[in-house]
Amino acid sequence: MIRLFANANYDFIKWRRWAYLLTALMIVPGLVELAIRGINYSIEFTGGTMLQVRTHQVVETGVLRSALDVAGIKGAEITTFGSDSEFQIRARLGTQATGPGGGSEATAAAVDRALTAKLGAGTYTIVDHQAVEPKVGRELQGKAFLAIVFSFVVTLAYLAWRFEWRFGLAAVIATAHDILTTISFLVLMRLEVSLVVVGAVLTMVGYSLNDTIIIFDRVRENLRKYRRQNLYEILNLSINETLPRSVLTHGTTMATTLALVFLAGEVIRPFAMVMTFAIFTGTFSSIYIAAPILMYIEKRWPGQDARGARAYGVKQPQATT
Amino acid sequence: MKTIRSRLITIAVALGISIWALFPKNEARRVRDAQTGLMKDTVERQVPVNLGLDLRGGVHLALEVDQSKAPVADCADAIRRAERVVRTRINEFGTTEPVVQVVGNCRLIVELPGESDPARARDIIQRSAFLEFRIVDMKNEFRDAIPAIDQALHQAGVKGPGQGAASAVSKLFGDTSKSKGADTIGASILGSLLQTGTMPGEFFLPEEQRPYVDSLIKRPEVQRLIPRHLELRWDAATEVRSARAYRALYAVESRPMITGEYLTKAVAQRDPLTNQSVVNFTLSHRGGRIFYDETGKHVGDYMAILLDGQVQGQPPVIRSQIGAQGQIELGSKPLVEANDLALVLRAGALPVPLTIVAERSIGPILGADSIHDGIRAGVVGVVLVILIMVIYYRVSGLIAVAALTLYVALTLGGLALFGFTLTLPGMAGLVLSVGIAVDANVLIFERIREELQHGKSVRLAVDEGFQHAMSAIVDSNVSTWLTAAILYLVGTGPVQGFAISLMVGIVASMITAVFAVRTFFMIWLQRRPDLTTLSV
């Protein structure tokens, strides 16, 4: 029988300051980058025109760019998409080629004409084409924002019902931490934020909350079971007891998300990368953020479970089972 | 024993329903015949899982009422009326399972799975298809008004087309411009641009002058001088004469003799002799009578056929009274175009103009690639999960894998049964939920291991393992389900697909990981009552 981390007895809480430092090293550069460069929104959110072109022969990005420049479509973003013969072209609305009143449709047609002129008709295929008016993009931004706020309120209400407020607050702070690290991840990796990626972030919120709930569930149980131990020990004990489960579940989930990252194709990759990162940060935050924050909250506003929380920071005796 | 049997029956029924839901079924479909361009019904046998546009390829359009020219008071009502017309048109369009749906207050979503020609889709949906018959200016009242109009334009400070441009034209087209000069009426602005045609009220001008002339005739001082009962209308197409494109402008009566609202039938045909495309139409009984009376008053006159304000072809002369039958000539245009025109005429005119606010067209190659990659990732992901579970939990792991198989069947069955659409993010959601689904089993098995370690008997450890793991399982599933539900409510298209997959997946995993695995354990323990150690 294989047993991973069975009867583990690590002092997780002791390492909390290192954990804070580590997470700050992730979040701060991300937020700086966010302030400087902003989020790389997909055209669903910004409005504009996107064409995904598959050429039958390998073509240099520069060739496509000069084709568009000649046609007067300036400032288009051209990136390869998965291979050397697949490109994503993002063009703004109302370029020179279409006139200021040119809608997204006219822009797409202009790009198509420019490519035909340069590469010749029939040497490429437009496999995906998306055109969004800025108005619709703004609406979607509003919707996505609403979804995030909504899911926060609902999960908060659920936590409030399931746990007393100190546990709930700690779980919410851990979740907020996950969102911050994920935004940093998105910005630092220059991933394109589409509605599907927002969906991944929200799912991740649910998933990371799960993890925190499972540890807190055990904390609650152990507080009742071991009347004589203090909170510091109970937290460590609970994390250690749930460790095999965490390792196994994150292992299986990670196996599926990694399969998606490497095998499910370019379209779904940003989504899968966010999910993979989310599993990592969710696990990290349940152990190193949620539990120490709970300690801190119990110290500041002691509840009936605050046993020994005031003494935290002092070298604690090892937890025993 | 009894409980085991009823549990097994429940599992068997759930599995049976799922397999039945996934069994390939015969479905009647309307498809467009490639040769004739007409619709026909066929029967196809296929697995009844709806694939989203991102997997099948197709065109997605979001339309709104175009208020740029004239604001619409009640756009919710306008979009509902437009929806009816668009739906009728789309049902004849030739794609299977098209979606026409009003979302929000005044937006219309049209989805055409499998369609690869977005331009044609746009044209059919946005065309207002307003058909009118109007008598042309038989008394040449507009032509007689041109000198007065030119004078008014002079007074308004409008210069002619410009000497430079005119001389450049005459250099290029030396001969034609001379002969044109003989035809022109008067020597000023409109008079010099418009050549009279062969019938009253008909004028020709070089195509490149059209925007300029169009801007002139829209000026208020010109509009004031056009006889009140007349309007100017452009021809829909250009005509090539001596290697030069000309556009016809017609002065027609403002009052239509009859409009397309009386039209009951429209069929496209190709004249085998002339090889010209035509649309034959039939008017209703009442419309036929009106048309008969009206044409009776105008025998010998020319009648312009207008579609969306543009004249279709050269106006024919009315030789005798026309009843309920008529024909629109489209010249050498392909039959497909004639078919599309017949289609929009049948469906009726669009009550309000529509504008496209978002469009997506996905090629079938991309969709096929996505399915292929998605399945590959799914298979690899599931195999990895199975390996981890069996290696780590051995016999219990095998039980979990059996439950996982059941889980996949239930999820896919659930998607098929409720007619949910599977999208690419939806496939990702399914793969992901396989990883999450085993979480419940992991929680239970770890709990059983702990109970065994505390020295409890196998039977007791299994019972308590399930019991104690329940609260954590319920909590984690409820919170994930809630976020998925919010995503479904707020999201669109592919994201909704993801949310649906996740929600169905969570429900299925609760059933299989808890109920089914419990049942399998019960059977196992009953078969081996002497069990002192558990392979977990």
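Residues numbered from 1 in each chain as written. Chains lettered and ligands numbered in written order. Predicted model: local features only at pLDDT ≥ 70, side-chain atom pairs only at ≥ 80, totals over all residues.

Caption draft 1: Fine view of the overall build of chain A. For chain A, the count of helices and strands is 9 helices and 4 strands. Along the chain direction, N to C, the helices and strands of chain A fall in the order α-α-β-α-β-β-α-β-α-α-α-α-α. Over its C-alpha trace chain A gives a radius of gyration of 25 Å, far above what one expects of a compact globule, namely 20 Å for 321 residues. Projected onto its principal axes, the C-alpha positions of chain A cover 80 × 45 × 30 Å. (Helix = DSSP H or I, 4+ residues; strand = E, 2+ residues; numbered from the N terminus. Rg over C-alpha atoms; globule rule 2.2 N^0.38 Å.)

Caption draft 2: A look at the interface of chain B and chain A. Taken together, the contact between chain B and chain A spans 55 residues of the former and 55 residues of the latter. Secondary structure elements with two or more residues in the side of chain B that touches chain A: strand S18 (354-362), helix H13 (364-417), helix H14 (424-453), helix H15 (458-490) and helix H16 (493-527) of chain B. If you tally residues by element for the side of chain B that touches chain A, the top one is H13 of chain B, at 15 residues. Residue composition of the side of chain B that touches chain A, grouped by class: 34 nonpolar, 13 polar and 8 charged. In the sheet, strand S4 (residues 124-132) of chain A pairs with S18 of chain B via 5 bridges, with the strands oriented antiparallel. (Contact = placed C-beta atoms within 7 Å. Nonpolar A, V, L, I, M, F, W, Y, C, P; charged D, E, K, R; others polar. Pairing = 2+ DSSP bridges.)

Caption draft 3: The environment of Ile173 of chain A, seen in detail. Residues and elements named next belong to chain A. Looking at the secondary structure, you find Ile173 in helix H6 (residues 165-188). Residue Ile173 is classed as partly exposed on the basis of its C-beta count, with 18 C-beta atoms lying within 10 Å. Along the primary structure Ile173 and Ile289 are separated by 116 residues, whereas in three dimensions their C-alpha atoms are 7.9 Å apart. Those residues within four positions of Ile173 in sequence are excluded, and the remaining contacts are Ile289 and Ile293. (Buried ≥ 20, exposed ≤ 12 C-beta atoms within 10 Å, placed from the backbone.)

Caption draft 4: A look at the environment of Leu417 of chain B. Its location among the elements puts Leu417 of chain B in helix H13. Along the backbone, Leu417 of chain B and Arg107 of chain B are 310 residues apart, and their C-alpha atoms lie at a distance of 29 Å.

Caption draft 5: Representation of the sheet that holds strand S4 (residues 58-65) of chain B. In space, the 8 strands of this open sheet follow the order S2(A)-S3(A)-S1(A)-S4(A)-S18(B)-S4(B)-S6(B)-S5(B), with antiparallel pairing throughout. Looking at which strands have only one partner, the edges of the open sheet turn out to be strand S2 (77-81) of chain A together with strand S5 (99-103) of chain B. Strand-to-strand twist across the sheet, computed as the mean angle between neighbouring axes with direction ignored, equals 20 degrees. The strands that helix H3 (residues 75-91) of chain B touches are S4, S5, strand S6 (107-113) and S18 of chain B; relative to S5 of chain B, the one it contacts most, it runs at about 175 degrees. (Axes fitted to C-alpha atoms, helices over the stretch in contact; angles between N-to-C directions.)

Caption draft 6: Region of interest: the pairing of S2 of chain A. All names here are of chain A. Relative to strand S3 (residues 83-91), S2 runs antiparallel, the two sharing 5 bridges. In the strand pairing of S3, Thr79 is matched with Gln88. From the end of S2 to the start of S3, which pair antiparallel, there are 1 residue, and Gly82 there has a positive phi angle of about 90 degrees.

Caption draft 7: Examining the packing of H13 of chain B against H14 of chain B more closely. Residue and element names in this part refer to chain B. Orientation of H13 relative to H14, taken along the N-to-C sense of each, is 5 degrees, at an axis distance of 8 Å. Classified by the angle their axes make, H13 and H14 are roughly parallel. Here the contact of H13 with H14 is composed, by residue class, of 17 nonpolar, 8 polar and no charged. (Parallel < 35°, antiparallel > 145°, perpendicular 65-115°, else oblique.)

Caption draft 8: Local environment of unusual backbone geometry. Positive phi is not limited to glycine here, since Ala129 of chain B has a value of about 60 degrees. In this structure, Ala129 of chain B sits in the loop between helix H4 (118-126) and strand S7 (131-135).

Caption draft 9: Just helix H12 (residues 335-347) of chain B, in detail. Residue and element names in this part refer to chain B. The first and last C-alpha atoms of H12 sit 18 Å apart over 13 residues, in line with the 18 Å expected at 1.5 Å per residue. Within the sequence span of H12, burial applies to Ala338, Asn339, Asp340, Leu341, Ala342, Leu343, Val344, Leu345 and Ala347. Taken together, the buried residues of H12 touch H3, H4, S7, strand S13 (263-270) and strand S14 (277-283). Positive phi shows up at Gly348, right after H12, with a value of about 95 degrees. (Expected span 1.5 Å × (residues − 1).)

Caption draft 10: Layout of the confidence of the model for chain A. Of all residues in chain A, 92% have pLDDT values of 70 or greater, and the mean over the chain is 84. When the criterion is pLDDT under 50, residues 95-101 of chain A qualifies, and its contacts beyond four places in sequence or with other chains add up to 18 contacts. (pLDDT = per-residue confidence, 0-100.)

Caption draft 11: Fine view of the pairing of strand S10 (residues 230-241) of chain B. Residue and element names in this part refer to chain B. Strand direction decides the pairing type here: S10 and strand S11 (residues 244-253), joined by 9 bridges, are antiparallel. In the sheet register, Trp234 faces S11, and the bridge partner there is Leu249. In textbook terms, the turn of a hairpin is the stretch between consecutive antiparallel strands, and for S10 and S11 this stretch comprises 2 residues, one of which, Ser242, has a positive phi near 40 degrees.

Caption draft 12: How the structure looks around the packing of H6 of chain A against helix H9 (residues 269-300) of chain A. Residues and elements named next belong to chain A. H9 packs onto H6 with a crossing angle of 145 degrees between their chain directions and a minimal axis gap of 8 Å. For the crossing formed where H6 meets H9, the hand is right-handed. Class assignment of the residues belonging to the contact of H6 with H9 gives a composition of 16 nonpolar, 7 polar and 3 charged. (Left-handed = near helix turned anticlockwise from the far one by under 90°.)

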